[in-house]
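Structural overview
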There are 4 protein chains.
Amino acid sequence: MTRSPSSADIQSMLDDSPYIAFMNLEVTGVDPDGPAITIRMPMRPEFERRAGTGQYHGGAIAALIDIAGDYAVVLQSGGGVPTINFRVDYLRPATNTALTATATARRIGRTVAVVDIDVHDDAGRLCAVGRGTYSPNVG
Amino acid sequence: MTRSPSSADIQSMLDDSPYIAFMNLEVTGVDPDGPAITIRMPMRPEFERRAGTGQYHGGAIAALIDIAGDYAVVLQSGGGVPTINFRVDYLRPATNTALTATATARRIGRTVAVVDIDVHDDAGRLCAVGRGTYSPNVG
Amino acid sequence: MTRSPSSADIQSMLDDSPYIAFMNLEVTGVDPDGPAITIRMPMRPEFERRAGTGQYHGGAIAALIDIAGDYAVVLQSGGGVPTINFRVDYLRPATNTALTATATARRIGRTVAVVDIDVHDDAGRLCAVGRGTYSPNVG
Amino acid sequence: MTRSPSSADIQSMLDDSPYIAFMNLEVTGVDPDGPAITIRMPMRPEFERRAGTGQYHGGAIAALIDIAGDYAVVLQSGGGVPTINFRVDYLRPATNTALTATATARRIGRTVAVVDIDVHDDAGRLCAVGRGTYSPNVG
């Protein structure tokens, strides 16, 4: 690949996926040198864990983490990257806020990439952390 | 609590959550002695990872795993149980199929419960495995 | 490879590693069809987490889990297999007992193998569970 | 507790554990405000994964990660802290070098603490990363 995908390139890839399009994600920053990516997820009614609480269900946060980690690797690989596995730790409830995931590659090897993902609310509180492994050579 | 929740009780709790209701999950079995629970998730267009592939996005599978693990603990605790963390390993793509998650508690301690979750497709192939920890005394 | 390694083959590989030899592990069963392997670790003074407690430090249990998972894959690959990552959940203290790890492959794919490892004490209590991913084609 | 344990306090706790004393760990820095701790582990013959390679077995690295994460929490709790679970990702072989683990708490809640642990070799290369959860109120 001659250049790293731009924010607009990544946004277009996200919007092409029915699952991700439904989640309504917005790329808010890319750093090809990390590689690192920042993705924002606004609240939507279908994300609420209990009606009227304004709190995200953890499943939506886990999906955001998986996707952000994935696209940090795409910044270097240029194309789709299967997830091998990932882990999510929930630190605080996220209530009446959008969420911003910052994914930073810790190592992109020949067969495995490891990415850390931090999820903050609009007040800058760390709500969840993720760590994922991806297959950079497949897909 | 005087008795373990029935399938109908759990189904009602699932349907009360906007996030889970959108996922359209169906309780297909409960075993209070495991405790263990089986939950089925039919495909829906918003779960597709790429249009026309019929493949689930991993985010939907991760959410199913988190929820199934959670409700295996609810069978014993009787009420909502926060997730501490969980891990998902993807084993095979899941294509043009419903998914069935079987969650079995490995240990429910005073402050931490550990649950294993296996996800099979309609042909009985193991597509993903999860392992989660939950706080049985909170919530 | 024409045949799966025998118990004696695996025992010999274990004893060749200075780290594993120090841990004094004993292969007590292999099942090439799992593939699955059972490895026993007797207590030794250097494993104690606090003097006089008879309790294993979690680090020794984690190492046992990593090794048992690894050799479940070796049963199929025939040779050394790098660990990509693993997770350990501690369920109960293990006191004045040997430990037995049973590692069962859940899936051995082309580039990633996923293995579950259960650790029991001599009374049959489940003390810890592990889940690891390994690179079957490298090493 | 009136003050956070000093480096010397932590070193003394480490040396009191037969398992940790065998590993020969040295506290090289503490930051009560992180809380964060840095622990150095010199190579020793029993850590070698294969004779003559000078490479650490992953089990020794996993144990270092568990311990460093634990003692980052001890900086705040003042006393022993059981590990709930942890994950290790191996990024590069560590060869003919000491290893330095830097553990930083991401969140210390009432019932769960989450800690990140980075392991570098003497040349500053990141060899492994860990993430663990601990029970700050028990022990």
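A brief report on the enclosed structure follows.

**Description of the sheet that holds strand β2 (residues 36-41) of chain D**
Taken together, the 12 strands give an open sheet; going across it, the order is β1(C)-β2(C)-β4(C)-β5(C)-β6(C)-β3(C)-β3(D)-β6(D)-β5(D)-β4(D)-β2(D)-β1(D), and neighbouring strands pair in antiparallel fashion. The open sheet has two edge strands, β1 (26-31) of chain C together with β1 (26-31) of chain D, and neither has a second partner. Going across the sheet, the axis of each strand differs from the next one's by a mean of 15 degrees, ignoring polarity. When strand β2 (residues 36-41) of chain C meets strand β4 (residues 99-108) of chain C, the two strands line up antiparallel, connected through six bridges. Each bridged residue has a counterpart across the sheet, and for Ala-36 of chain C the counterpart in β4 of chain C is Thr-104 of chain C. Docked against the sheet, helix α3 (residues 58-77) of chain C engages β1, β2, β3 (83-90), β4, β5 (113-121) and β6 (126-134) of chain C together with β3 (83-90) of chain D, running at close to 130 degrees with respect to β3 of chain C. Its contacts with the sheet place helix α3 (residues 58-77) of chain D against β3 of chain C together with β1, β2, β3, β4 (99-108), β5 (113-121) and β6 (126-134) of chain D, and it is angled at close to 130 degrees to β3 of chain D.

**Looking at the interface of chain B and chain D**
On the chain D side, the residues contacting the five residues of chain B number five residues. Between chain B and chain D, a total of about 510 Å² is buried, with carbon and sulfur atoms accounting for 59% of that surface. Per-residue buried area on chain B facing chain D is highest for Ile-84, Asn-85 and Arg-87 of chain B; these three make up 49% of the total on that side. Across the chain B-chain D interface, the total number found is zero salt bridges. Linking chain B to chain D there are one residue pair in polar contact (both at pLDDT 80 or more). When residues of the side of chain B that touches chain D are assigned to their parent elements, the largest contribution, three residues, is made by strand β3 (residues 83-90) of chain B.

**With respect to the relation of the copies chain B and chain A**
Placing chain B over chain A gives an RMSD of 0.0 Å and needs a rotation angle of 180 degrees, together with 0.0 Å of translation along the axis. This pairing of chains is accounted for by a two-fold axis. Of the C-alpha atoms belonging to chain B, the one lying closest to the rotation axis is found on Arg-87 of chain B, 2.1 Å away. An overlap of 100% is found between the interface residues of chain B and their copies at the interface of chain A, pointing to a shared contact surface.

**A closer look at the packing of helix α1 (residues 7-16) of chain C against α3 of chain C**
The angle between the axes and the distance between the axes are what describe a pair of packed helices. Residue and element names in this part refer to chain C. Running from N to C, α1 and α3 point in directions that differ by 135 degrees, and their axes come no closer than 11 Å. Considered as vectors, α1 and α3 are oriented oblique to each other. Handedness of the crossing formed by α1 with α3: right-handed. Touching Ile-10, Met-13 and Leu-14 of α1 are Ile-67, Tyr-71, Val-74 and Leu-75, all from α3.

Reading guide: rules and limits
Residues numbered from 1 in each chain as written. Chains lettered and ligands numbered in written order. Predicted model: local features only at pLDDT ≥ 70, side-chain atom pairs only at ≥ 80, totals over all residues. Heavy atoms only, no water. Pairing = 2+ DSSP bridges. Helix = DSSP H or I, 4+ residues; strand = E, 2+ residues; numbered from the N terminus. Axes fitted to C-alpha atoms, helices over the stretch in contact; angles between N-to-C directions. Contact = heavy atoms within 4.5 Å. Buried area = accessible area lost by both parts, 1.4 Å probe. Salt bridge = Lys/Arg side-chain N within 4 Å of Asp/Glu carboxyl O. Polar contact = N/O pair within 3.5 Å; in protein donor to acceptor, adjacent residues only side chain to side chain. Least-squares fit on C-alpha atoms with pLDDT ≥ 70 in both. Parallel < 35°, antiparallel > 145°, perpendicular 65-115°, else oblique. Left-handed = near helix turned anticlockwise from the far one by under 90°.

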